[in-house]
Amino acid sequence: MKKIRMFGAFILTVMLLCSCQNTEKTNMAGSDTVKKISDKPITLSIYQIDMDAFDSEWPVFKQAQTWTNIGLKGVLAKSTTDADQSFNMMMASGDVADIVVNWKENFNKYGMQKAFIPLQDLIEKYAPNIKKYLDENPEAKRFITARDNNIYYIPYVTDGKVQMTWFVRQDWLDKLGLEQPKTVEEYYNVLKAFKEKDPNGNGKADEIPYFNRNVGSNYEQSVTPLLMLWKAHSEIYVDDNGEVRYGPLEPEFKEAMKNIAQWYKEGLIDEEIYTRSNARDVLLANNTGGSTHDWCGSTAAVNELYKDKIPGFNFIVMAPPGGEEYSARQQIGRNGWGIAASNEHPVETIKYFDFWFSPEGIRLANFGIEGEDYTMADGKAIFTDSVLNGEKDVVTHLREKGAQRTIGTRQLYEEYEVQWLNPIAKEGAQMYLDNNYVKDMTFVGLPVSDEDQKAASAYYADLNTYVREQMQKWVLGTESVDATYDKFINGLKQMKVDDYLALMKKSRANYMSK
Ligand code: CA
């Protein structure tokens, strides 16, 4: 501490003595390459709620302040929990923080109402790191550009592509002399064997072959991941040829639903798939759950919990039985930060944003404080023992320091997570990458007008509810797929699914034209 102050005094003295023209001073205390953004300290207010509200004392942002001379002060009380409400209140009050962390939709909406300033010219002039990133990643630039062709926010970017994977009790496969399933038919046979051949060895047919801890009926919940086995989708998506399609209208959807309903009927899917809470914890702890589709990291970590209690317990990542995985991580964030129109230091602010895209800023945002949280070896940041083996888990520790927050920066996902991720998750994610299983078919569009946007949201809400309810009826067997499929399609048509699809195609074309 003393040393840093001394350096600070030294720099100040040198500055006064040489009265340099250049206002960007190298700060020797923390890094030999980060330049001060302003000679005089500047404090900017920031609105951020990323689970918890921005804390002005976070060491990571204090460090950034030491380097850049820009300090941040959170505008929200620590007790704030409601992100939507607090954001809406701030926007309604007209008293907007200098820097706002929020979502693309809000930046674009309020940006077009002049509450946030366009950033593209500032980026061009003052933000070489961000400019370089956007030049090298035209898809990111397209993604963050609003329909008036302005850019209102700098996104949070991550490089990890794999987020969810399939899991299976490898010890059960071994016990039954089965291979990991490589096709849908083999997966069916595995689930059937789990159901009928008593792999947990208690003499009862109590095994629950497929389960999902997410009980809702949205994307990635309950039976929805099973749609992937038949290359089906339950929502709007973009196919291999770039065509926009509405999943439930496609023949694959009917095929998938027929099979899923049959699997449920045969007891291969958790009977309580729509109602059981905490299925992952409950069914693995009591040694009855066989296979699921879930977040790779946290699901691999359950092995630590049960390996001592259940002899041989080995719940590992398997390749997608359908050969494709659609749960790609959104790499260019819908979240990020923007500059309020009332901010009196837009140039310094964009330079500050640029700092977080510099190597030093990215390291700070990902790994925390050098010497405390990580040390450098061979050009790489390596977490210290206190982070890897401390009382708190790695993510909690880092977030309490202000690192791993969703500001406009780049998350070096693989570099950061690879250090603490369970080997099962690490190898599993790598297997998905090496085999190119992950296909990002997520629809991204850009409505041409407010009216189009509102209409699309209304259609989406109606159609989504209708599709989810019908899927549940089919799975639970209250209606047969064959007998009611045509009625279902007619229902979609009555709800103007064709108009919705046309809107989404128009939105996609507009997006691709940017
Ligand atoms: Ca059993």
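Up top you'll find the structure we're talking about.
Residues numbered from 1 in each chain as written. Predicted model: local features only at pLDDT ≥ 70, side-chain atom pairs only at ≥ 80, totals over all residues. Heavy atoms only, no water.

**Student:** So what's going on with the coordination of the calcium ion? Which residues, and what values?
**Tutor:** For the calcium ion, the full set of protein donor atoms is D198 (OD), N200 (OD1), N202 (OD1), K204 (O), D206 (OD), E207 (OE) and E207 (OE), and the range of their distances to it is 2.2 to 2.9 Å. In primary-sequence terms, the residues that donate to the calcium ion follow D-x1-N-x1-N-x1-K-x1-D-E. By relative accessible area, which is 22% here, D198 ends up partly exposed. (Donors = N, O, S within 2.8 Å, 3.2 Å for Na, K, Ca; no water. Buried < 20%, exposed > 50% of the residue type's maximum accessible area, 1.4 Å probe, protein only.)

**Student:** Could you give me a rundown of the environment of L176, with the residues and numbers involved?
**Tutor:** If you trace the backbone, L176 turns up in helix α8 (residues 170–176). Overall, L176 belongs to the partly exposed group, its relative accessible area being 21%. With residues near it in sequence (within four places) discarded, L176 still touches A193, F194, K197 and P199. (Helix = DSSP H or I, 4+ residues; strand = E, 2+ residues; numbered from the N terminus. Contact = heavy atoms within 4.5 Å.)

**Student:** Kindly report on the packing of aromatic side chains, identifying the contributing residues and their values.
**Tutor:** Across all of its chains, the model carries 34 aromatic pairs by this definition. For the ring pair F107 and F116, a centre distance of 5.2 Å and an interplane angle of 70° mean the geometry is edge-to-face. F116 matches F107 in its accessibility class, with the two residues each being buried. Between Y485 and F488 the ring centres are 6.3 Å apart and the planes differ by 45°, which places this aromatic pair in the tilted class. Of the two residues, Y485 and F488 are both situated in helix α21 (residues 481–494); the distance of three residues between them amounts to about one turn of the helix. Put simply, the rings of F54, W58, F61, W67, W337, Y352, F353, F355 and W356 touch in pairs and so form one group of aromatic residues. Its end group placed over the ring of F143, K104 keeps NZ or CZ at 3.6 Å from the ring centre. Directly above the aromatic system of Y511 lies the positively charged group of R142, at a separation of 5.7 Å from the ring centroid. (Phe/Tyr/Trp six-rings, centres within 6.5 Å; stacked < 30°, edge-to-face > 60°. Lys NZ or Arg CZ within 6 Å of the ring centre and 35° of its normal.)

**Student:** Could you give an account of the packing of helix α20 (residues 450–476) against helix α22 (residues 497–512), naming the residues involved and the relevant values?
**Tutor:** Contact geometry for α20 and α22: axes closest at 10 Å, N-to-C directions at 135°. It follows that α20 is oblique to α22 by the angle criterion. The two elements α20 and α22 meet at a crossing, and its hand is left-handed. Contact with α20, carried on its side by D452, A455, A456, Y459, Y460 and L463, involves V497, D499, Y500, L503, M504 and K506 of α22 and no other residues of that element. Class assignment of the residues belonging to the contact of α20 with α22 gives a composition of nine nonpolar, no polar and three charged. (Axes fitted to C-alpha atoms, helices over the stretch in contact; angles between N-to-C directions. Parallel < 35°, antiparallel > 145°, perpendicular 65-115°, else oblique. Left-handed = near helix turned anticlockwise from the far one by under 90°. Nonpolar A, V, L, I, M, F, W, Y, C, P; charged D, E, K, R; others polar.)

**Student:** Can you explain the side chain of E250? Please cite residues and give values.
**Tutor:** Mapped onto the secondary structure, E250 falls in the loop between β10 (244–246) and α10 (251–265). Residue classification places E250 among the buried positions, given a relative accessible area of 17%. Excluding residues that lie within four positions of it along the chain, E250 makes contacts with Y237, R245 and Y485.

**Student:** Which residues make up the nonpolar core, and what values go with them?
**Tutor:** Core analysis: the largest hydrophobic core is formed by 79 residues, its most contacted members being L226 and W263. Excluding residues that lie within four positions of it along the chain, W263 makes contacts with V184, Y187, Y188, L191, L226, L229, W230, L268 and I269. (Core = buried A, V, L, I, M, F, W, Y, C linked by side-chain atoms within 4.5 Å.)

**Student:** Help me get a handle on the pattern of salt bridges, residues and values and all.
**Tutor:** What the rule picks out here adds up to 34 salt bridges. For R147, the salt bridge identified is with D450, shortest N-O distance 2.7 Å. Note that R147 is positioned in the loop between α7 (138–144) and β6 (154–158) and D450 in helix α20, a separation of 303 residues in sequence. The exposure class of D450 is partly exposed, given its relative accessible area of 43%. Taking the shortest distance from any N to any O, the salt bridge between D373 and K401 comes out at 2.9 Å. Taken together, the positions of D373 in the loop between α15 (359–367) and β14 (374–377) and K401 in helix α17 (residues 394–401) put the pair 28 residues apart, joining distant regions of the chain. For K401, a relative accessible area of 15% translates into the label buried. One network of salt bridges, with partners in common, ties together D50, D52, D55, K78, R399 and R405. (Salt bridge = Lys/Arg side-chain N within 4 Å of Asp/Glu carboxyl O.)

**Student:** Help me get a handle on the sheet that holds strand β1 (residues 42–47), residues and values and all.
**Tutor:** Reading across the sheet, the six strands line up as β4-β1-β5-β13-β6-β16 and stay open at both edges, with mixed pairing between neighbours. Only two strands of the sheet have a single neighbouring strand rather than two, namely β4 (70–74) and β16 (410–411). Pairing of β1 with β4 involves five bridges; the strand directions are parallel. Its bridge partner lying in β4, I42 is registered against I70. (Pairing = 2+ DSSP bridges.)

**Student:** Could you give an account of helix α2 (residues 59–68), with specific residues and numbers?
**Tutor:** Burial in α2 covers these residues: V60, F61, Q63, A64, W67 and T68. Within α2, the buried residues cover an arc of 155° as seen down the axis, which keeps them to one side. As for α2, its buried residues are in contact with β4, α14 (346–355), α15 and α17. Two residues or fewer after α2 comes N69, characterised by a positive phi angle close to 75°. (Arc of directions from axis to C-beta.)

**Student:** Describe α14, listing the residues and the values that go with them.
**Tutor:** When you tally the buried positions in α14, you get seven out of 10 residues, the bulk of the element. Regarding α14, the residues found buried are T349, I350, K351, Y352, F353, D354 and F355.

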